[in-house]
Amino acid sequence: MHSDFPATLLLLLWSAAVSALTSVSPYTGVSIFKPPSSYIVPRTLYARTVLLPQDGTDQNVLLATWENYSPEPPLTWTPFSNVMDTQNGWGMRYQPFLYELTEAIGAFPAGTILCAGNSIPTNLSNTQIDVYASLNKGRTWQFVSHVAAGGLAEPTNGDTPVWEPFIMTFNHQIVIYYSDQRDPLHGQKLVHQVTSDLRTWGAVVDDVAYDAFAARPGMTTIALLPNGQYIITYEYCNSPQGGCVVTYRLASSPLTFNAAAPGTFLVATTGEVPTSSPNVAWTPTGGANGTIIVSANSHTGVFVNKALGAAGGWTYVQTNATRSYAREVRVLPTTSQIMLTGGGSLGGTTNAVTGTILQL
Ligand SMILES: *[C@@H]1O[C@H](CO)[C@@H](O)[C@H](O)[C@H]1NC(C)=O
Ligand SMILES: *[C@@H]1O[C@H](CO)[C@@H](O)[C@H](O)[C@H]1NC(C)=O
Ligand SMILES: *[C@@H]1O[C@H](CO)[C@@H](O)[C@H](O)[C@H]1NC(C)=O
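Residues numbered from 1 in each chain as written. Chains lettered and ligands numbered in written order. Predicted model: local features only at pLDDT ≥ 70, side-chain atom pairs only at ≥ 80, totals over all residues. Heavy atoms only, no water.

**Some words on the state of the cysteines**
- In this structure the tally under the stated criterion is one disulfide.
- Between Cys-237 and Cys-244 runs a disulfide, and the two sulfur atoms are separated by 2.0 Å. Between Cys-237 and Cys-244 the sulfur-sulfur dihedral comes to about 115°; the bridge is accordingly right-handed.
- Among the residues examined, Cys-237 registers a relative accessible area of 9% and is labelled buried. (Disulfide = S-S within 2.5 Å. Buried < 20%, exposed > 50% of the residue type's maximum accessible area, 1.4 Å probe, protein only.)

Here you go:
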């Protein structure tokens, strides 16, 4: 996580069909959004997508969102739709996440698109993870619920923000994962909350909380493996190794990562050590175990594992994508094409949003 200038979350329909992707040669990267120079540095950051296959309408449409640093006050420019804060008067600024419901949850039918994000005022005094829903494939949005309220949006131990929501379905419920600095025993820890109706959320449950107060595990993403195990990847800042080394755990339930082994540092067989803002996905391509793919801020390439996450099974694979903070890994319907969507670097001054295909 980071703290920078305010931004709003901007949602864009990138491509009408995945089949169109190949015709625009995204193997070397395509521009999704190039902001004008009037934008506030870093202009864009932290991109996310959702692929819409669930209910037969809008088949294979990709929606993309990112932190959008337009000139203040937040604008209403609408290439497709904006996810506007209608509750706090602060704007939806940081860390967007898109998710399509795979089954009905409460009053929301399968195919509903959720957008979670961090609502933060211009002076950064508060953080609020809120969930919005779209019943028409991202064209319009309605507020659904507040999930977690935190303090000042600064990544300093002792401050009390919440950050970086990630949503998945488990056992006919929706789980939201996020980074939490509110516990006085932990500079930052990873937690989740569960809901059956998207309106009310259960207790805050730890996923990764190290004994050392200074430790800052952050930026949960999770993938389901074919052996029924779940892999959680996160950055482990202030780790004994130093830096924000990418770390992962495996568990048979995505609700019990805190009881799983304390975490494995990800190291490639050729020695590369990924650091900062990882993102994980799994694809059935690549043999009996399929392939786990992990991106990190430190590398243009990705880290792949065809051994269900075995510690010695990580290889480094070069890509044509540029490095990006919190770059997303998405498996496309062919399952052998992996889309890397980036919003640019932390500290970048001319960031743009790009999508690049990796052919496995
Ligand atoms: C920060 O902004 C919020 C929302 O506009 C406001 O309520 C609060 O008073 C401000 N805090 C400071 C310290 O200026
Ligand atoms: C699948 O993963 C297991 C566990 O790591 C490993 O023993 C096996 O060799 C892998 N199979 C293939 C086909 O890579
Ligand atoms: C990089 O782009 C080139 C040219 O389009 C393509 O041939 C190659 O397969 C791409 N590499 C990867 C790893 O996707």
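After that view, the rundown keeps rolling.
**A word on the sheet that holds strand S7 (residues 113–119)**
- The antiparallel open sheet is built from four strands, whose spatial order is S6-S7-S8-S9. Only two strands of the sheet have a single neighbouring strand rather than two, namely strand S6 (92–100) and strand S9 (142–150). Going across the sheet, the axis of each strand differs from the next one's by a mean of 20°, ignoring polarity.
- Both strand S8 (residues 127–134) and S9 contribute to a ladder of seven bridges, which runs antiparallel. Bridge pairing in S9 places Thr-127 opposite Gly-150. (Pairing = 2+ DSSP bridges. Helix = DSSP H or I, 4+ residues; strand = E, 2+ residues; numbered from the N terminus. Axes fitted to C-alpha atoms, helices over the stretch in contact; angles between N-to-C directions.)

**Some remarks on the pairing of strand S18 (residues 279–283)**
- The buried count for S18 comes to four of five residues, which makes it a mostly enclosed element.
- Relative to strand S19 (residues 291–295), S18 runs antiparallel, the two sharing five bridges. Bridge pairing in S19 places Ala-281 opposite Ile-293.

**Let's talk about the packing of aromatic side chains**
- Within this structure, the stated rule accounts for eleven aromatic pairs.
- With centroids separated by 5.3 Å and ring planes inclined at 20°, the aromatic side chains of Phe-33 and Trp-66 adopt a geometry described as stacked. Residue Phe-33 is found in strand S2 (residues 30–33), and its partner Trp-66 is found in strand S4 (residues 61–68); the two are separated by 33 residues along the sequence.
- A residue is classified by how much of its surface remains accessible, and Phe-33, at 7% relative accessible area, is buried.
- Classification of Trp-66 as buried rests on a relative accessible area of 0%.
- Ring geometry for Tyr-248 against Trp-314: centres 5.3 Å apart, planes inclined by 70°, an arrangement best described as edge-to-face. Taken as a pair, Tyr-248 in strand S16 (residues 244–251) and Trp-314 in strand S21 (residues 314–317) lie far apart in primary sequence, 66 residues in all.
- On the basis of relative accessible area, Tyr-248 is assigned to the buried category, the value being 2%.
- By relative accessible area, which is 0% here, Trp-314 ends up buried. (Phe/Tyr/Trp six-rings, centres within 6.5 Å; stacked < 30°, edge-to-face > 60°.)

**So, the pattern of salt bridges**
- This model, assessed by the stated rule, comprises five salt bridges.
- Between Asp-180 and Arg-182 there is a salt bridge whose closest N-O contact spans 2.9 Å.
- The exposure class assigned to Arg-182 is partly exposed, which follows from its relative accessible area of 28%.
- Between Glu-328 and Arg-330 there is a salt bridge; the shortest N-O distance is 3.8 Å. Grouping residues by exposure puts Glu-328 and Arg-330 together as buried.
- Beyond isolated ion pairs, a larger network of salt bridges with shared partners links Asp-183, Lys-189 and Asp-206. (Salt bridge = Lys/Arg side-chain N within 4 Å of Asp/Glu carboxyl O.)

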